[in-house]
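Report on the structure
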Amino acid sequence: MYNQILFTNILRLLDERHMTKSELADRAGISVSFLSDLTNGKANPSLKVMEQIAEALQTSLPELLEMTDLDRETLAALAGGQVIHSLPEGYVRYTAILTEFQAFSVRQWDEQNRKKLLNRRVR
């Protein structure tokens, strides 16, 4: 399932950044053929390669693996009928395109929620 999330996010970020696979491959230090195999679901990258791709796309590795535009039904199908939850009940991740002001507000909410979740884990 994470391979599908990874390659979906790579393709989305390539589009958003107006980058080609060739440019990403050069920046990440990998071959274009390997990147093509990866984005077609035919390759399994190492953690080091995933980090190189995240850096080349100017994003974090967790964002490449945890955030997705795929709906819950598609994720469930990819996971063999079982959606893997990384957040406690009542919390969701959501990808959106926002204005600068909206993003500022969302970042504040995100920081507050992360602190709450961290405090729950520490107890």
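Provided above is the structure to which this section pertains.
These remarks concern the structure in this document. (Residues numbered from 1 in each chain as written. Predicted model: local features only at pLDDT ≥ 70, side-chain atom pairs only at ≥ 80, totals over all residues. Heavy atoms only, no water.)

**Details of the pattern of salt bridges**
- Overall, the coordinates contain 3 salt bridges when judged by the stated rule.
- Between Glu-16 and Arg-12 there is a salt bridge, and its shortest N-O distance comes to 3.1 Å. Of the two residues, Glu-16 and Arg-12 both sit in helix H1 (residues 2-16), 4 residues apart, roughly one turn of that helix.
- Note that Glu-16 is salt-bridged to Arg-17, the shortest N-O span being 3.9 Å.
- A cluster of three or more residues bridged by salt bridges with shared partners is formed by Arg-12, Glu-16 and Arg-17. (Salt bridge = Lys/Arg side-chain N within 4 Å of Asp/Glu carboxyl O. Helix = DSSP H or I, 4+ residues; strand = E, 2+ residues; numbered from the N terminus.)

**Re helix H3 (residues 32-39)**
- Among the residues of H3, Leu-35, Leu-38 and Thr-39 are the ones counted as buried. Mapping the buried residues of H3 onto a view down its axis gives an arc of 90°, with all of them on the same face.
- One or two steps after H3, the chain reaches Gly-41, where phi turns positive at roughly 75°. (Buried < 20%, exposed > 50% of the residue type's maximum accessible area, 1.4 Å probe, protein only. Arc of directions from axis to C-beta.)

**Some remarks on unusual backbone geometry**
- In the Ramachandran plot, His-18 falls in the positive-phi region, its phi being about 55° despite a non-glycine side chain.
- Within the secondary structure, His-18 is located in the loop between H1 and helix H2 (21-28).
- Overall, the relative accessible area of 71% leaves His-18 in the exposed class.
- At Gln-58, a residue that is not glycine, the phi angle is positive and equals roughly 55°.
- Along the chain, Gln-58 falls in the loop between helix H4 (47-56) and helix H5 (61-66).

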